[in-house]
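Residue strings, one per chain:
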Amino acid sequence: MDDLPVEVQLKEAVRAVEACIAGDIDALSGRAQQEAVVALQRLQSLVSAAHAKAVSPWDASAVWADDRSRSGPARLARDAACAPASARRVVRRARALRSMPLTRAAFEDGSLSADHVDVLCRANHAPLEALFARDEAVLVGHARTMHYDDLVRLVDHWR
């Protein structure tokens, strides 16, 4: 599938998700249901990583302004029929990840959930950018193994 154009890969991915929706989850054993739920949560984070990877150049090039939209989040919210807050979060995450190569790589390889990435993105703001760059490897290393609430406490302490 790697040698297929991205557009074809996206169509196949949509078909695979639609097949999951059409499937009979109720017929699965409890263990299989547990595994399906966890796999779908991981898939959701991977889709968020792919989305951020696509949003970043789209946002940076301002292609979103070709219809005179005032901002990327406004265009995304309108065209994707999502909440403006969701569109802002997606664009903010994509922008932050441009300067967070280790976080981005861990997100894209499935080591970090979107929630973990957002915690790290919030830590990487203007006054702390140099410190974050210095400590990114350590923070990402902890994020790979920590539960969400523990990561929030760690990052709050780091700040």
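Residues numbered from 1 in each chain as written. Predicted model: local features only at pLDDT ≥ 70, side-chain atom pairs only at ≥ 80, totals over all residues. Heavy atoms only, no water.

1. Observations regarding a positive patch on the surface
- A cluster of basic side chains, namely Arg88, Arg89, Arg92 and Arg122, defines a positive patch on the protein surface.
- Ranked by the residues each element gives to the positive patch, the list is headed by helix H4 (residues 84–97), at three residues.
- Looking at where Arg122 falls in the secondary structure, it is placed in helix H6 (residues 114–123).
- For Arg122, a relative accessible area of 45% corresponds to the partly exposed category. (Patch = residues over 30% accessible without salt bridge, like charges linked within 9 Å, V, L, I, M, F, W, Y side chains within 5 Å. Areas by Shrake-Rupley, 256 points an atom, 1.4 Å probe, with all protein chains shown as cover. Salt bridge = Lys/Arg side-chain N within 4 Å of Asp/Glu carboxyl O. Lys, Arg positive; Asp, Glu negative; His and termini not counted. Charge placed at Lys NZ, Arg CZ, Asp CG, Glu CD. Helix = DSSP H or I, 4+ residues; strand = E, 2+ residues; numbered from the N terminus. Buried < 20%, exposed > 50% of the residue type's maximum accessible area, 1.4 Å probe, protein only.)

2. Let's talk about the state of the cysteines
- Summed over the entire model, instances satisfying the criterion amount to zero disulfides.
- Cys121 takes part in no disulfide bond, and the closest cysteine sulfur, belonging to Cys82, lies 18 Å away. (Disulfide = S-S within 2.5 Å.)

3. What about the side chain of Arg75?
- For Arg75, the position within the fold is in helix H3 (residues 72–80).
- Polar side-chain contacts of Arg75 include one of 3.2 Å to the side chain of Asp67.
- Apart from residues no more than four positions distant in its own chain, Arg75 is found in contact with Trp58, Val63, Trp64, Ala65, Asp66, Asp67 and Ser69. (Polar contact = N/O pair within 3.5 Å; in protein donor to acceptor, adjacent residues only side chain to side chain. Contact = heavy atoms within 4.5 Å.)

4. Re the pattern of salt bridges
- For the structure on display, the rule yields 13 salt bridges.
- Notably, a salt bridge pairs Arg93 with Asp118, separated by 2.7 Å at the nearest N-O pair. Linking Arg93 in helix H4 with Asp118 in helix H6, this pair joins segments that are 25 residues apart in sequence.
- Of the residues examined, Asp118 reaches a relative accessible area of 12% and is grouped as buried.
- Bridged by salt links that share partners, the residues Asp66, Asp67, Arg75, Arg78 and Asp79 form one connected network.

5. As for the packing of aromatic side chains
- Overall, the coordinates contain one aromatic pair when judged by the stated rule.
- Measuring from centroid to centroid gives 6.0 Å for Phe132 and Trp158, while their planes differ by 90°, and the two rings are edge-to-face. Residue Phe132 is found in helix H7 (residues 129–145), and its partner Trp158 is found in helix H8 (residues 148–158); the two are separated by 26 residues along the sequence. (Phe/Tyr/Trp six-rings, centres within 6.5 Å; stacked < 30°, edge-to-face > 60°.)

6. A look at H6
- Across the ten residues of H6, eight count as buried, placing the element largely inside the fold.
- Within H6, burial applies to Ala114, His116, Val117, Asp118, Val119, Leu120, Cys121 and Ala123.
- Against helix H2 (30–60), H4, helix H5 (101–108), H7 and H8 lie the buried residues of H6.

7. Let's talk about the nonpolar core
- If you look at the biggest cluster of nonpolar residues, it comprises 27 residues, and the most contacted ones within it are Leu97, Met100, Phe107, Leu112 and Leu120.
- Those elements that provide at least two residues to this core are H2, H3, H4, H5, H6, H7 and H8.
- With residues up to four places along the chain from it excluded, the contact list for Phe107 reads Ser45, Leu46, Ser48, Ala49, Ala52, Arg93, Leu97, Leu112, Ser113, Ala114 and Val117. (Core = buried A, V, L, I, M, F, W, Y, C linked by side-chain atoms within 4.5 Å.)

Don't take any of this as a statement about function, it's just geometry.
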